Protein chains: 2
Amino acid sequence: MTTVLPGPTLPGPIDPPARLLMGPGPISAYPSVLRAMSAPLVGQYDPFMTTAMAETQELYRGVWNTTNDATLLIDGTSRAGIEAAIVSLVRPGDRVLVPVFGRFGHLLAEIAERAMAEVHTIETAWGQVFTPAAVEQAIVRVRPTLLALVQGDTSTTMNQPLDEIGEICARHGVLFYTDATASLGGNPFEADAWGVDAASAGLQKCLGGPSGSAPLTLSPRAVEVVTSRKKVEAGIREDGDPDAADFVRSNYFDLGMILDYWGPRRLNHHTEATSMLYAARECARVLLAEGREAVIERHRLAGAAMLAGVQGLGLQVFGDVAHKMHNVVAVEIPAGVAGDAARQAMLDDFGIEIGTSFGPLHGRVWRIGTMGYNARRDTVLTTLAALEQVLRRFGASVPVSGGVEAAADVYAGAA
Amino acid sequence: MTTVLPGPTLPGPIDPPARLLMGPGPISAYPSVLRAMSAPLVGQYDPFMTTAMAETQELYRGVWNTTNDATLLIDGTSRAGIEAAIVSLVRPGDRVLVPVFGRFGHLLAEIAERAMAEVHTIETAWGQVFTPAAVEQAIVRVRPTLLALVQGDTSTTMNQPLDEIGEICARHGVLFYTDATASLGGNPFEADAWGVDAASAGLQKCLGGPSGSAPLTLSPRAVEVVTSRKKVEAGIREDGDPDAADFVRSNYFDLGMILDYWGPRRLNHHTEATSMLYAARECARVLLAEGREAVIERHRLAGAAMLAGVQGLGLQVFGDVAHKMHNVVAVEIPAGVAGDAARQAMLDDFGIEIGTSFGPLHGRVWRIGTMGYNARRDTVLTTLAALEQVLRRFGASVPVSGGVEAAADVYAGAA
């Protein structure tokens, strides 16, 4: 019998260092979200639990701006929500169109490929977004079943305008899925007004919680598709239950079954991740208590202040600033500054995390976030004060107090 | 713009009622696990985070009794772990053999079917387990690529002996996967000594945590299979990275990619669910701090006391008691007792949850668990004292103090 870890070598209880997370996510969670997760567990069919699930659904209808009955959580990280939407909406061989403007467009395309779809992509340069006309042109050419389009791609910081896309999709009989992981809560999102058929997100960005739960909403049209493919699980199937030949190639991500678990039948699927449900519920609750529009405005203001601040430090901003998400900015690492070492100094000397980048931007830009709990004046000013010190120490020429003063001016102008 | 939830109707912070969870899981979590989840978040590549991930891997090597390098968590509930193992190990068209002795055998078969495997099942009556000879006979007949076998099936409370199965599989060139969700931590499990190639579990049973994280371990032979099918994600792929044609039909559950995230390359896949990682780490830490064998013995003793207790109340026990898991017992609902109403009275009057059942046992048996934090003398005696009161009120003839005294005797004999 192997005994790998004898008692004396056991690590102690988890005891994280103090960190101000100002990267592209995860970010520091709302304190009340952390507290919610330490609430005691209840049984999965306890009336308290089913009520908490129903409350969570209603709260997320508020967050998504929808009346969609099919509004729920997927138990997994944000990409679990993406995969659940795509694998449940797309049949093998279906055509899927993915406009790619950053890393997460590639992810949508890959997930659709793995679902055995025929995937078509269009691409634009990193730092840009698509015009509605470009999307429509591709739809006309490809004639897809599904358009899968990221709203906010943290890899480039861009926020793809979606307000005309749903109408285009409806006109061409195309289902419209969007990944709002990086944007939801910090930027406008109008599931119903924009004609979105399916959208998914995560908690670890503007919603101010930990990764591990993926809010998802489906229009009635999307519900029809996933319900038509429903199987009821062998171990609990009863006479007359559907058993579609055209079944979803995943049990865990079969939205038809997941809807039965969240719906009035309460048919057992997984065992809901109770603590993550508590967290997700609290993320939405604090957002709606502050007010959806007020939270978006807080993100807009923090983002504007951070943008002015980094420009005030003399840094170049990457990408089309007019289409930047509120909650993240990408700055070019100044020539001569050792990017990774400077980022490490932010962490070691100030306990502040800013982000590195992927793909073509790796080593070229840092990404600085102002999200959820950390979309605040004090976090913006503290980050800029520390960044000024670090940039100077790493050899950059930076205006004295240029970042903090510019950001404070934005806040002063708004006050 | 729809505003579904105006401020005044918002629910308050989560505030669960006091519950003693004595069902088949989820059960009341260890208090230190709940506390761990309220620890602050850190960035996903923070040295503290990568160290916590490595510590968690080493802790689970201790829990699984293995030296497997590929020991990690899947971010999802226990069935996410099952699906990750099966979809990564099985190619479309591969033959999979599933011996079914309860609901969760049906689940393994269904997940393998959805992975487009050619699935063969053998079945035994609910309440029984398979002999190694029966499993070997089926292997010889079916010649599967993978044997997928539940260890403990909570639907029947049975614990399938596994100690000879790995050797049989190895002799016939078959990969051996087992689902240890319900059993791990409360019953012996020897990944290496039993020749297990892949195993997965959840936190919400004997490990004493919330649902939402699935510990998983892979033998070097299993790692070879999943690595041979590896793709590196489009958005972060570099020259020379593998891009197997024979790819896994899921991105989220592609164990080859997940191994790269947990391994030295730390290649981004999902954003690790930080709070659930903290919980999973603490579940394993408290288990190993108490001692793996001591925890199993505590479960054995609590299970023996609960068994004696329900028998002392005159209840009939379902299934082959010699092969019962330590941590759950199924009792026949006495004739004339309204099962659901009595279970509800346990909850309403005493705050104690006991479990209902699935499939052929629905309405016929209750399932009573003694798991994780709740595998204790006081929880056993309290549950039996309450059950005596409820049974009597619902018209059953029960020996006065018959349950508590019988259970206390088991503990006295052991002391």
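Scroll up to find the structure this text is about.
In this report, we go over the structure that sits alongside the text. (Residues numbered from 1 in each chain as written. Chains lettered and ligands numbered in written order. Predicted model: local features only at pLDDT ≥ 70, side-chain atom pairs only at ≥ 80, totals over all residues. Heavy atoms only, no water.)

**Some remarks on the interface of chain A and chain B**
Next, step 1: Chain A puts 97 residues into the contact, and the matching count from chain B is 97 residues.
Next, step 2: Taking both partners together, chain A and chain B bury about 8100 Å²; carbon and sulfur atoms supply 62% of that area.
Next, step 3: Here chain A is connected to chain B by 4 salt bridges.
Next, step 4: With a closest N to O distance of 2.6 Å, A:Asp254 and B:Arg114 form a salt bridge.
Next, step 5: The interface formed by chain A and chain B holds 30 residue pairs in polar contact (both at pLDDT 80 or more) in total.
Next, step 6: For the side of chain A that touches chain B, the secondary-structure elements that each account for two or more residues are α1 (31-37), α2 (47-64), α3 (78-89), α4 (103-114), α9 (274-290) and α10 (292-312) of chain A.
Next, step 7: Element by element, the count of residues in the side of chain A that touches chain B is highest for α9(A), at 9 residues.
Next, step 8: Taken together, the residues of the side of chain A that touches chain B sort by class into 44 nonpolar, 27 polar and 26 charged. (Contact = heavy atoms within 4.5 Å. Buried area = accessible area lost by both parts, 1.4 Å probe. Salt bridge = Lys/Arg side-chain N within 4 Å of Asp/Glu carboxyl O. Polar contact = N/O pair within 3.5 Å; in protein donor to acceptor, adjacent residues only side chain to side chain. Helix = DSSP H or I, 4+ residues; strand = E, 2+ residues; numbered from the N terminus. Nonpolar A, V, L, I, M, F, W, Y, C, P; charged D, E, K, R; others polar.)

**Description of the side chain of A:Lys230**
Next, step 1: Its location among the elements puts A:Lys230 in the loop between α7 (220-228) and α8 (255-262).
Next, step 2: Among residues more than four places away in sequence, those in contact with A:Lys230 are A:Pro242, A:Asp243, A:Ala244, A:Gly256, A:Met257 and A:Asp260.

**Considering the relation of the copies chain A and chain B**
Next, step 1: Structural alignment of chain A on chain B gives an RMSD of 0.0 Å, achieved by rotating through 180° and translating 0.0 Å along the axis. Such a combination of turn and shift is consistent with a two-fold rotation axis. When each C-alpha of chain A is compared by its distance to the rotation axis, A:Gly76 comes out closest, at 2.3 Å. (Least-squares fit on C-alpha atoms with pLDDT ≥ 70 in both.)

**Quick look at the side chain of A:Asp75**
Next, step 1: Note on placement: A:Asp75 falls in the loop between β2 (70-74) and α3.
Next, step 2: Of the side chains with opposite charge, B:Arg79 lies nearest to the buried A:Asp75, which makes no salt bridge, at 9.3 Å.
Next, step 3: One polar contact links the side chain of A:Asp75 to the main-chain amide nitrogen of A:Ala273, over a distance of 2.8 Å.
Next, step 4: With near-sequence residues (within four places) excluded, A:Asp75 lies in contact with A:Gly212, A:Tyr252, A:His270, A:Thr271, A:Glu272, A:Ala273, B:Asp75, B:Gly76 and B:Thr77. (Buried < 20%, exposed > 50% of the residue type's maximum accessible area, 1.4 Å probe, protein only. Lys, Arg positive; Asp, Glu negative; His and termini not counted.)

**Describing the sheet that holds strand β10 (residues 214-218) of chain B**
All names here are of chain B.
Next, step 1: The strand order across the open sheet formed by 7 strands is β2-β10-β9-β8-β5-β3-β4, and the pairing between neighbours is mixed. Each edge of the sheet is formed by a strand with only one pairing partner; in this case those strands are β2 (70-74) and β4 (118-123). Neighbour-to-neighbour, the strand axes of this sheet turn through a mean angle of 20°, independent of strand direction.
Next, step 2: Summarising the sheet, strand β3 (residues 95-100) and β4 pair through 6 bridges and their orientation is parallel. Along β4, the bridge assignment pairs Pro99 with Ile122.
Next, step 3: On the sheet, helix α4 (residues 103-114) packs against β3, β4, β5 (146-150) and β8 (175-179) and is oriented at approximately 165° with respect to β3. (Pairing = 2+ DSSP bridges. Axes fitted to C-alpha atoms, helices over the stretch in contact; angles between N-to-C directions.)

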